[in-house]
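Here is how the chains run, residue by residue.
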Amino acid sequence: MAVAVAGVLVAAGAVTYSVAEDGGTGADAPAADSADAGFARDMAVHHQQAVEMSYIVRDRTTDEEVRRLAYDIAQTQANQRGMLIGWLDLWGLPKVSPDPPMTWMGMRGMSGGEGGALMVGMATDAEMKRLGTLNGKQAEILYLQLMTAHHKGGVHMAQGCVDKCTVGVEKRLAQGMVEAQQSEIGLMADMLKARGAKP
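Cut-offs and rules
- Residues numbered from 1 in each chain as written.
- Predicted model: local features only at pLDDT ≥ 70, side-chain atom pairs only at ≥ 80, totals over all residues.
- Heavy atoms only, no water.
- Core = buried A, V, L, I, M, F, W, Y, C linked by side-chain atoms within 4.5 Å.
- Buried < 20%, exposed > 50% of the residue type's maximum accessible area, 1.4 Å probe, protein only.
- Helix = DSSP H or I, 4+ residues; strand = E, 2+ residues; numbered from the N terminus.
- Contact = heavy atoms within 4.5 Å.
- Disulfide = S-S within 2.5 Å.
- Expected span 1.5 Å × (residues − 1).

**Student:** Looking at this structure, how should I read the nonpolar core?
**Tutor:** If you look at soluble globular proteins, the nonpolar side chains tend to sit buried side by side. The biggest cluster of nonpolar side chains holds 31 residues, and the ones touching the most others in it are F39, M43, L84, W87, W91, A158 and M177. Counting only elements with at least two residues in this core, the list comes to α2 (35–58), α3 (64–91), α5 (136–164) and α6 (168–194). Beyond its immediate chain neighbours, meaning those up to four positions away, L84 contacts F39, A40, M43, A44, E170, L173 and M177.

Here you go:
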């Protein structure tokens, strides 16, 4: 575990350094209301829920396929979240904004907002609570359904950064998110089908 954590920190440090070399500091740093900053703030929050959801289901099932997927999602998104927050620090920008989520995408007032869901694709408070009460196959199905919706919202946001962000390494990270999460959406569809359920 210590080796894995050290590896994540080294990778995050390397990516932060690459941002500094990629027009992301000093006079070239993004503004607080830029797409770069908005994406970093919003996706950090979006990722945090995916991490929480994944750790919940790991405790609610013994199915190795679901537990492996949940662990991979949790580790990947926790790592990416660290990068996003690190970039905001590097840019000297606040981690919260007075504007509603997704304003940087031109979607002011169109984020989640219902039942505690802050952004598109995010689970509501009630859905998160329900996931924590289920076990076995029921927990697996709800997790896969919630994470499918979560990934679809994440892909939408990441594609927005690909289209609007100006810091090259952040655009590349966003493109990687689009590709990885689309692949996982397909995998989760197959896993749901195997359990007699739909996304």
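**Student:** So what exactly am I meant to see when it comes to the state of the cysteines here?
**Tutor:** In a disulfide, the sulfur atoms of two cysteines are held together by a covalent bond. Inspection of every chain in the model, using the stated rule, returns one disulfide. Between the sulfur atoms of C161 and its disulfide partner C165 the distance amounts to 2.2 Å. As the torsion about the S-S bond is roughly -120°, the C161-C165 disulfide counts as left-handed. Taken as a pair, C161 and C165 share a single burial class, namely buried.

**Student:** Mind showing me how you'd approach α6 here?
**Tutor:** Turn by turn, an α-helix covers 3.6 residues, leaving residues three or four places apart pointing in a common direction. Compared with an ideal rise of 1.5 Å per residue, which puts 27 residues at 39 Å, α6 spans 40 Å between its outermost C-alpha atoms and is within 8% of the ideal. Of all the residues in α6, the buried ones are G168, V169, E170, L173, A174, M177, V178, Q181, I185, M188, M191 and L192. G196 sits one or two residues past α6 and shows a positive phi near 70°.

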